[in-house]
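Residues per chain, in single letters:
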Amino acid sequence: MSGVDIIGALLRGSDTIAAAVPVERIKAGSLPDNTVLPALLVRSVSLVERQMLRRGTWVRQSERIAVTVRAGSYREQREILRLVRNVCAGQLGALAGLGSSVSSQSAGTGPDVRGPADSFEQTQDFKVSFNALT
């Protein structure tokens, strides 16, 4: 399990997101060339391992995850970014079937930038905490 898995599962499991961005356009790592817009890209920015839990079986981890919205217009970019924030921020508990001790919090929004092929891009970061097996 990783923060990318958790945020990806939250996004793919949301009917609100699916209405704006088809599930097949929510990708981890990188977007293929000529991806039809809008699309979401989920990537890990950093990972901090914490102390061992239960005699070394579990490690509490906090991962900063970036969700990049790539859209055809500024208005569409802003609306999808709002939806992403609403779905993923302030979550706690058994999230997306990936463990019972998971939390996801908003961790800031990046700048507006021009993406490939004159697309509109902006990133929303999340801090995701979870227990991982060692």
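This text goes with the structure placed above it.
Residues numbered from 1 in each chain as written. Predicted model: local features only at pLDDT ≥ 70, side-chain atom pairs only at ≥ 80, totals over all residues. Heavy atoms only, no water.

Asks: Help me out: how do you make sense of the nonpolar core in this one?
Replies: When a protein is soluble and globular, its nonpolar side chains tend to lie buried together. Of all hydrophobic cores here, the largest spans 25 residues; its most connected members are Ile7, Leu11, Ile17, Leu40, Val42, Val67 and Val84. Counting residues per element, the ones that place at least two in this core are α1 (3–12), β2 (39–53), β3 (58–71), α3 (74–88) and β7 (120–133). If one sorts the elements of this core by residue count, α3 sits on top with 6 residues. (Core = buried A, V, L, I, M, F, W, Y, C linked by side-chain atoms within 4.5 Å. Buried < 20%, exposed > 50% of the residue type's maximum accessible area, 1.4 Å probe, protein only. Helix = DSSP H or I, 4+ residues; strand = E, 2+ residues; numbered from the N terminus.)

Asks: What am I meant to see in the packing of aromatic side chains here?
Replies: This model, assessed by the stated rule, comprises 0 aromatic pairs. Here Arg114 stacks its cationic end above the ring of Phe120, 4.3 Å away from the centre of that ring. (Phe/Tyr/Trp six-rings, centres within 6.5 Å; stacked < 30°, edge-to-face > 60°. Lys NZ or Arg CZ within 6 Å of the ring centre and 35° of its normal.)

Asks: How should I be thinking about the pattern of salt bridges in this particular structure?
Replies: Pairing between side chains of opposite charge can happen when the charged atoms of each approach one another. What the rule picks out here adds up to 4 salt bridges. Put simply, Arg64 and Asp125 hold a salt bridge, and the shortest N to O gap is 2.9 Å. With a gap of 61 residues between them, Arg64 in strand β3 and Asp125 in strand β7 connect regions that are remote in the sequence. The partly exposed category is assigned to Arg64, whose relative accessible area is 32%. Residues Glu121 and Arg70 are paired through a salt bridge, measuring 2.8 Å at the closest nitrogen-oxygen approach. You can see Glu121 sitting in strand β7 and its partner Arg70 sitting in strand β3, a full 51 residues away along the chain. Residue Glu121 shares its accessibility class with Arg70, and that shared class is buried. (Salt bridge = Lys/Arg side-chain N within 4 Å of Asp/Glu carboxyl O.)

Asks: Explanation requested: the side chain of Ser103 in the structure shown.
Replies: Its place among the elements puts Ser103 in strand β5 (residues 102–109). Looking at Ser103, the relative accessible area reads 13%, which means it is buried. In this structure, Ser103 is in contact with Arg60, Gln91, Leu92, Leu95, Lys127, Val128 and Ser129, ignoring residues within four places of it in sequence. (Contact = heavy atoms within 4.5 Å.)

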